[in-house]
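Single-letter residue listing:
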Amino acid sequence: MIDTAQEIAQLRTLLAEREAELASARAELTGAKLLIEQYKAQLAKLRRMQFGQSSEKLDAQIDQLELMLEDLEEGEAARTAPSLSGADEPGRRPHDRRQPVRRPLPDHLPREEIIHSPGEVCPGCGGTHFSKLGEDVTEVLEKIPARLKVIRHVRPKLSCRSCETIIQAPSPDLPIEKGRPGPGLIANVVVGKYLDGLPLYRQSAILEREGIEIERATLADWVGHAAWWVAPLAELIGAHVMAAPVIHTDDTPIAVLAPGNGKTRTGRIWTYVLDERPWQGERAPAAYYRFSPDRKGERPQGHLAGFRGVIQADAFSGYESLARSEASTGQDPPRILHAACWAHARRKFFDVFETTKSPIAEEALRRIGELYRIEAEISGRAAGVRLSARQEHAVPILIQLRTWLEEQRRRLSSKTALAKAIQYALTRWDALARYAGDGRLAIDNNPAERSLRGIAITRKNFLFLGSQTGGERAATLYTVLETTKLNGLDPEAYLAEIIDRMAKGHPINRLAEFLPWNWKAEPARLAA
């Protein structure tokens, strides 16, 4: 009896310890879940803020939150994964963890089937004849590691026995004369640097793990050749963009190595985006990039010298002065009109509300939010439908908003941040309200800002451009790669094939066939 009582006491103590451990684990898991949800809320909030003048800081905050969220979710997965010893224990309660949304795997991926036979003998009666009732299928996404291979171009040299004439096939047309890389490898290096943010020295290290020693300078030579091949294509894309009646434009800083002293200066990458999909336009989407060593107003003026239409842009003085100078010429309508960005105006009020919790800023955000709700309902509709909806619903809100902002401005000191936010909107009111009178225009400049986000992320990895020529080369490659993405193509496959076809002598007068919206892959490549 004594032994039994002691055993019971020990079991109770052990059970209490296990319950305490379980409670602690549950508390830790609950805390982690709450933290994850908080980070997700902060991330969603930052993304809603759009791009303002401090968009670079926003990028850094978003990237940091992404990394923290990733680490927490990995930790939660590790805590909630069943142990090897207890995964199949009967009665074991699975952990309460919300699984990510599981989307169907794409149909275009090749399928490999593994049949798991239940056996050929019935465990109940020993019978061997079965009727098929159906089957359960579980699809698992797997990756085949990329592997390099050597393609040997063999050209037999033959001598005629009758006349001793020597014959041999000509050397194959390669992207780099006497070079070793195939078009697929060149495209992989280019996409790795400009879209995936992998500097060439890192790519050199990755190749070394495959047992291939290729110096960074050699990879740089490949990138230079790729830019040379696609430069005429980038010019065609630029002409396509500048012929449109409405484009979005913006710029982002990028460090450029100054010659001689080893220091860097700040250059700019400019983007000009054509995207008529929100109003069912006929032109294919495209993005045209330009590089400049500074941000002088003359830069966009030069880029837009042949453009006629509406530019959707922020309040950069270069754009505003360009629009004013065109308006002063007396042309009706002016060659260039400026449509301002409501995302920037909204950001001003958001910053004030974040720091002061001002009810006036909150009310301004609410009213601007009503304008965005209208846009969400008409996105993807024809230009005429969008114009009618804006005239009916958005114009009255804009009229009331302007009157209300003017009333608030008279009540405030001009030195306050809130007064400056109001003045920012009122000073540019005609440009901000221009979208309501044209169904082709957008309420903000987000298409241009999205086209620069990839550059803002990847430039952190390669730190700076080596020269002004390097900036122009980057603009050329960004033009082709980003336009490819806008048209729903795989940039790496596209770049590999057009470089291959160009190297094999594709006629220059048929270069338009290679524009992303005209491009059709060779059936042989699709089958591969």
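Analysis parameters
- Residues numbered from 1 in each chain as written.
- Predicted model: local features only at pLDDT ≥ 70, side-chain atom pairs only at ≥ 80, totals over all residues.
- Heavy atoms only, no water.
- Helix = DSSP H or I, 4+ residues; strand = E, 2+ residues; numbered from the N terminus.
- Buried < 20%, exposed > 50% of the residue type's maximum accessible area, 1.4 Å probe, protein only.
- Contact = heavy atoms within 4.5 Å.
- Areas by Shrake-Rupley, 256 points an atom, 1.4 Å probe, with all protein chains shown as cover.
- Salt bridge = Lys/Arg side-chain N within 4 Å of Asp/Glu carboxyl O.
- Core = buried A, V, L, I, M, F, W, Y, C linked by side-chain atoms within 4.5 Å.
- Axes fitted to C-alpha atoms, helices over the stretch in contact; angles between N-to-C directions.
- Left-handed = near helix turned anticlockwise from the far one by under 90°.
- Nonpolar A, V, L, I, M, F, W, Y, C, P; charged D, E, K, R; others polar.
- Pairing = 2+ DSSP bridges.
- pLDDT = per-residue confidence, 0-100.
- Expected span 1.5 Å × (residues − 1).
- Polar contact = N/O pair within 3.5 Å; in protein donor to acceptor, adjacent residues only side chain to side chain.
- Phe/Tyr/Trp six-rings, centres within 6.5 Å; stacked < 30°, edge-to-face > 60°.
- Lys NZ or Arg CZ within 6 Å of the ring centre and 35° of its normal.

Draft legend 1. Fine view of the overall build of the protein chain. Secondary structure assignment for the protein chain yields 16 helices and seven strands. Per-residue burial over the protein chain gives 38% buried out of 528 residues. The long-range share in the protein chain, meaning contacts at least 24 apart out of those at least 6 apart in sequence, stands at 66%. Surface exposure of the protein chain reaches about 32300 Å², of which carbon and sulfur atoms provide 53%.

Draft legend 2. Structural detail: the pattern of salt bridges. Taken as a whole and assessed by the stated rule, the structure comprises 18 salt bridges. Of the charged contacts in the structure, one is a salt bridge between Glu 135 and Lys 132, with a shortest N-O distance of 3.3 Å. A salt bridge links Glu 497 to Arg 501; the nearest nitrogen and oxygen atoms lie 2.4 Å apart. Placement of both Glu 497 and Arg 501 in helix 15 (residues 491-503) is noted, with a separation of four residues, approximately one turn of the helix. What emerges from the salt-bridge pattern is a single network uniting Glu 363, Arg 366, Arg 367 and Glu 370.

Draft legend 3. Main features of the nonpolar core. Judged by nonpolar contacts, the single largest core of 65 residues is most densely connected at Val 190, Ile 247 and Leu 304. Counting residues per element, this core draws most heavily on helix 5 (residues 216-242), which supplies 12 residues. When sequence neighbours within four positions are dropped, the list of residues in contact with Val 190 reads Leu 195, Val 223, Ala 226, Leu 477, Leu 481 and Leu 495. The next biggest cluster of nonpolar side chains, apart from the first, holds 40 residues, and it includes Ala 340, Leu 365, Ile 422 and Ala 431.

Draft legend 4. Structural detail: the packing of helix 5 against helix 14 (residues 468-486). Between helix 5 and helix 14, the shortest axis-to-axis distance is 8 Å and the interhelical angle comes to 65°. Here the hand of the crossing between helix 5 and helix 14 comes out left-handed. Mapping the contact onto sequence places Val 223, Gly 224, Ala 226, Ala 227, Val 230, Ala 231, Ala 234 and Ile 237 in helix 5 and Arg 473, Thr 476, Leu 477, Thr 479, Val 480 and Thr 483 in helix 14. A class-by-class count of the residues in the contact of helix 5 with helix 14 yields nine nonpolar, four polar and one charged.

Draft legend 5. Structural detail: the side chain of Glu 276. Topologically, Glu 276 is positioned in the loop between strand 4 (264-274) and strand 5 (286-292). Not counting residues within four places of it along the chain, the set of residues in contact with Glu 276 comprises Pro 245, Gly 281, Glu 282 and Arg 283.

Draft legend 6. View of the sheet that holds strand 5. Overall, mixed pairing links the five strands, which are arranged 5-4-3-6-7 in an open sheet. Edge positions in the sheet fall to strand 5 and strand 7 (336-339), since each has one partner strand and no second. The average angle at which neighbouring strand axes cross in this sheet is 30°, direction not considered. Bridge analysis of strand 3 (residues 246-257) against strand 4 gives 10 bridges, and the strand direction is antiparallel. Note that in strand 4 the partner of Leu 257 across the bridge is Thr 264. The strands that helix 5 touches are strand 3, strand 4 and strand 5; relative to strand 5, the one it contacts most, it runs at about 110°. Docked against the sheet, helix 14 engages strand 3, strand 4 and strand 5, running at close to 170° with respect to strand 5.

Draft legend 7. Structural detail: the confidence of the model for the protein chain. Mean pLDDT over the protein chain stands at 83; residues scoring 70 or higher make up 79%. For residues 50-54, every residue scores under 50 in pLDDT, and the model assigns this stretch 14 contacts once sequence neighbours within four places are set aside. Contacts from residues 83-95, a stretch scored under 50 in pLDDT, to residues over four places away or in other chains number seven contacts.

Draft legend 8. Structural detail: helix 15. If you check helix 15, its first and last C-alpha atoms are 18 Å apart, about what 13 residues at 1.5 Å a residue would give, namely 18 Å. Counted residue by residue, helix 15 has 11 buried out of 13 residues, so it is predominantly covered. For helix 15, every residue scored as buried is listed here: Pro 491, Tyr 494, Leu 495, Ala 496, Glu 497, Ile 498, Ile 499, Asp 500, Arg 501, Met 502 and Ala 503. One side-chain oxygen at the N-terminal end of helix 15 lies 3.1 Å from the backbone nitrogen of Glu 492; it belongs to Asp 490. With its phi angle positive at about 95°, Gly 505 sits one or two positions after the end of helix 15.

Draft legend 9. Just the environment of Ser 414, in detail. Checked against the element boundaries, Ser 414 lands in the loop between helix 10 (383-411) and helix 11 (417-427). Judged by its relative accessible area of 59%, Ser 414 falls in the exposed class. In this structure, Ser 414 is in contact with Ala 419 and Lys 420, ignoring residues within four places of it in sequence.

Draft legend 10. Structural view of the pairing of strand 6 (residues 309-312). Looking at chain direction, strand 3 and strand 6 are connected through three bridges and run parallel. Looking at the pairing, Val 246 lines up with Val 310 of strand 6.

Draft legend 11. Broad picture of the packing of aromatic side chains. Under the defined criterion, the tally for this structure stands at eight aromatic pairs. Look at Trp 270 and Phe 316: their rings are 6.0 Å apart centre to centre, the planes differ by 50°, and that puts the pair in the tilted class. A residue pair is termed long-range when its members are at least 10 positions apart, and Trp 270 in strand 4 and Phe 316 in the loop between strand 6 and helix 7 (317-327) qualify at 46 residues. Accessibility classification places Trp 270 together with Phe 316 in one group, the buried group. Ring geometry for Tyr 289 against Tyr 478: centres 5.9 Å apart, planes inclined by 45°, an arrangement best described as tilted. Taken together, the residues Tyr 289 in strand 5 and Tyr 478 in helix 14 connect sequence positions 189 residues apart. For Tyr 289, a relative accessible area of 2% gives the class buried. Of the residues examined, Tyr 478 reaches a relative accessible area of 0% and is grouped as buried. Through a chain of ring-to-ring contacts, three or more aromatic side chains come together here, namely Tyr 194, Tyr 289 and Tyr 478. Between the NZ or CZ atom of Arg 346 and the centre of the ring of Tyr 372, over which it lies, the distance is 4.2 Å. Here the basic side chain of Lys 348 rests over the ring of Tyr 424, its NZ or CZ set 4.9 Å away from the ring centre.

Draft legend 12. Main features of the side chain of Thr 249. Within the secondary structure, Thr 249 sits in strand 3. Of note is the side chain of Thr 249, whose polar atom sits 3.1 Å from the side chain of Tyr 319. Residues within four places of Thr 249 in sequence aside, it is in contact with Thr 271, Tyr 272, Ile 311, Gln 312, Ala 313, Tyr 319, Asn 445 and Ala 448.

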